[in-house]
Amino acid sequence: MASQEPWILENGNVKGSSKEIRHARTAHNMSSSSLRKKSDLALVSKVPCGLLRLFLANLQEVILGTKLSVLFPAIPLAILADCYHFGRPWIFALSLLGLTPLAERVSFLTEQIAYYTGPTVGGLLNATCGNATELIIAILALSQNKIEVLKYSLLGSVLSNLLLVLGTSLLCGGLANLKKEQKYDRKQADVNSLLLLFALLCHLLPLMFRYALGPTDQMATSTLQLSRASSVMMLIAYLGYLVFQLWTHRQLFEAQEGSDDNDVASEEEAVIGFWSGFIWLVGMTLLIALLSEYVVGTIEAASDSWGISVSFISIILLPIVGNAAEHAGAIIFAFKNKLDISLGVALGSASQIALFVVPLCVVVAWIMGVEMNLDFNLLETGSLALAIIVTAFTLQDGTSHYMKGLVLIFCYVVIGACFFVLKTPQKNLADNTNVINLGGRPLDGTVFKA
C-alpha cells in the first residue's frame, strides 16, 4: 500500500482499466521496463510531512527506479565540466553518458502519464516522445546550422536500429533458444518495412535528381523544393501510420502482448501522479536539451582529440550510447523468445525517425530559413538502402534463427568501418551549403567518375 500512496494522495483513482492502459504501452515502453527495478517505499512512508513524503517517493521512483541510475552522476559532472571549462572531449563524453538514463526515464514517464490520459492519448504521447533524444539533438544541430551532424545522427539512428539492435536481438534470441523455433507476427514487420521503403524512395529521388541535372544553379533549388514536398508527404504518411496503429488496426500492434505475461506488463498501476509525471517529464526533457547542446557543440572537438571522424561519431557512437537502454531491453526480450517486442522496438524506432524526425527537420529548417534537403549523398543513401533491403529480406518468412542476426551485425560492422576510415575535412563540416562533401568530392558540383 505504501508504494501506491503518492498516487492516491495526488490524483485519486486510476483513469481507465489495467487492460486499457496496457494497450497504450508500446514496444519501446515494454523494452525499457526490463531495465526498471521496484522501489521499496517503506522508509519513505514513515516521513511525517505529506508533501515531503510525496517528493521523496517520486524521487525514488524516477531517479532510483532504474538499473541505469548509476549513470545519473554524469549529468552534473557534464554541467560542472562546462562551467569550469574542462576539456571539450570530456564534456562530450559525460553528456553522452548522461543521455542514456534520461532517454529511459522519458519512456517511463510517458507510460506513467498514459495511465491517466487513456490508451489513445498515451499512444500519441509515446509516439512523440519515443525518440525525443534524436529529435532534440537534430533541432539543436539545425539551430547551429550543423546540417551534416544532423543528417549523420539521424542516419545512424536508423542504421543502428535496423542492423545492430535487430541483429543483436535475433542473434541472442537464436542462441538462447536453439531448440525452439522463433516466430513473430509478420504483419507489423511488413507495415514497417513498407514505410521504410517509402522513406528510402524520398531519399533516393533528390540524390538521383542531383546527378540527373548535373552541377547547375537550378539543381540546388530544384532538389530543395523536391525535398520539402517529399517531407510533407512523409509527415502525412506518418500521421496515417499513427491512425493505423492507434485506431483502425490496433490489434496488429497489441498482438505482441500476452494477457497473462507478467514480464511484459509488470506494472499494473502507476507509481506517480499525473502532475508529478508531467513535471518530471518537462525536467527530463530540459536536461536532454542541455546535454544535447553540449554534444552538438563539442562533437568536432571530440573528433579532433580522439582522431575519429565526425561521421563515425555521429553515425555509430551517438545512436549506440543514446539509446542503450531501449536497445538493451529489446535484446533482453529476444532472450525470452519475445521477438514481437524486439521487432517493435527496432522497426518502430527506425520508422519513426525516417518518417517523422527527418522530414520534420526539413520542415523546421524551411521555417527557419535554413536550406536542408533529403539528399544524404551517395555513400549514406546507399548504406541506408542496403540496410532496409537486407532487413526486409531477413523478416520475410516470419521465423528467425541466429544466422540472420549474425548477418545483420556483420553488415553494421562493415558500414561502421566504412565511416571510420572516411575522413571529412573540418572545413567542409563548417560549410553552410546544402551539399555535404564526402570522400573528397568538391563542393563546386564536379562529379568524379569511377
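Residues numbered from 1 in each chain as written. Predicted model: local features only at pLDDT ≥ 70, side-chain atom pairs only at ≥ 80, totals over all residues. Heavy atoms only, no water.

The subject of this paragraph is a nonpolar patch on the surface. On the surface, a nonpolar cluster with roughly 620 Å² of combined accessible area is contributed by Leu-77, Leu-80, Tyr-84, Phe-86 and Trp-90. Tracing the chain through its elements places Leu-80 in helix H5 (residues 74-83). Under the relative-accessibility criterion, Leu-80 is labelled partly exposed at 45%. (Patch = residues over 30% accessible without salt bridge, like charges linked within 9 Å, V, L, I, M, F, W, Y side chains within 5 Å. Areas by Shrake-Rupley, 256 points an atom, 1.4 Å probe, with all protein chains shown as cover. Salt bridge = Lys/Arg side-chain N within 4 Å of Asp/Glu carboxyl O. Helix = DSSP H or I, 4+ residues; strand = E, 2+ residues; numbered from the N terminus. Buried < 20%, exposed > 50% of the residue type's maximum accessible area, 1.4 Å probe, protein only.)

Looking now at the nonpolar core. In terms of nonpolar packing, the biggest core is built from 105 residues, with Phe-92, Leu-142, Leu-150, Leu-154, Leu-162, Leu-343 and Met-372 touching the most fellow members. For this core, the element with the most residues is helix H16 (residues 339-368), which contributes 17 residues. When neighbours within four sequence positions are excluded, Leu-343 is seen to be in contact with Leu-166, Leu-170, Tyr-184, Ala-189, Gly-348 and Leu-395. (Core = buried A, V, L, I, M, F, W, Y, C linked by side-chain atoms within 4.5 Å. Contact = heavy atoms within 4.5 Å.)

With that settled, consider the packing of aromatic side chains. Inspection of the entire model under this criterion finds seven aromatic pairs. A ring pair is formed by Tyr-238 and Tyr-241, whose centres lie 6.1 Å apart and whose planes are at 45°; its orientation type is tilted. Taken together, the residues span about one helical turn, with Tyr-238 and Tyr-241 both in helix H11 (residues 217-248) at a distance of three residues. Here Tyr-238 and Tyr-241 have matching classes, each one buried. Relative to Phe-420, the ring of Phe-312 has its centre 5.1 Å away and its plane inclined at 80°; by these criteria the two rings are edge-to-face. Here Phe-312 is found in helix H14 (residues 310-322), whereas its partner Phe-420 is found in helix H18 (residues 402-421), with 108 residues between them in sequence. Each residue in the set Tyr-116, Phe-274, Trp-275 and Phe-278 is aromatic and connected to the rest through ring pairs, giving one cluster. (Phe/Tyr/Trp six-rings, centres within 6.5 Å; stacked < 30°, edge-to-face > 60°.)

Moving on, we get to the pattern of salt bridges. In this structure the tally under the stated criterion is six salt bridges. Notably, a salt bridge pairs Asp-185 with Lys-187, separated by 3.9 Å at the nearest N-O pair. The partner of Arg-210 in a salt bridge is Asp-375, and the shortest N-O contact between them spans 2.4 Å. Of this pair, Arg-210 sits in helix H10 (residues 186-213) while Asp-375 is found in the loop between H16 and helix H17 (377-394), placing the two residues 165 residues apart along the sequence. Residue classification places Arg-210 among the buried residues on the basis of a relative accessible area of 10%. Given the relative accessible area of 4%, Asp-375 is considered buried.

What follows is about the packing of H10 against H17. Relative orientation of the contacting elements H10 and H17 amounts to 155°, with a least axis distance of 10 Å. On the basis of the axis angle, H10 is roughly antiparallel to H17. As H10 packs across H17, the resulting crossing turns out to be left-handed. Of the residues in H17, those in contact with Ser-193, Leu-196, Leu-197, Leu-200, His-203, Leu-204, Leu-207, Arg-210 and Tyr-211 of H10 are Asn-377, Leu-378, Thr-381, Leu-384, Ala-385, Ile-388 and Ala-392. Taken together, the residues of the contact of H10 with H17 break down into 11 nonpolar, four polar and one charged. (Axes fitted to C-alpha atoms, helices over the stretch in contact; angles between N-to-C directions. Parallel < 35°, antiparallel > 145°, perpendicular 65-115°, else oblique. Left-handed = near helix turned anticlockwise from the far one by under 90°. Nonpolar A, V, L, I, M, F, W, Y, C, P; charged D, E, K, R; others polar.)

Viewed as axis vectors pointing N to C, helix H9 (residues 147-176) and H16 meet at an angle of 170°, and their least axial separation amounts to 9 Å. For the element pair H9 / H16, the angle class is roughly antiparallel. Here the residues of the contact of H9 with H16 are counted per class, giving 18 nonpolar, five polar and no charged.

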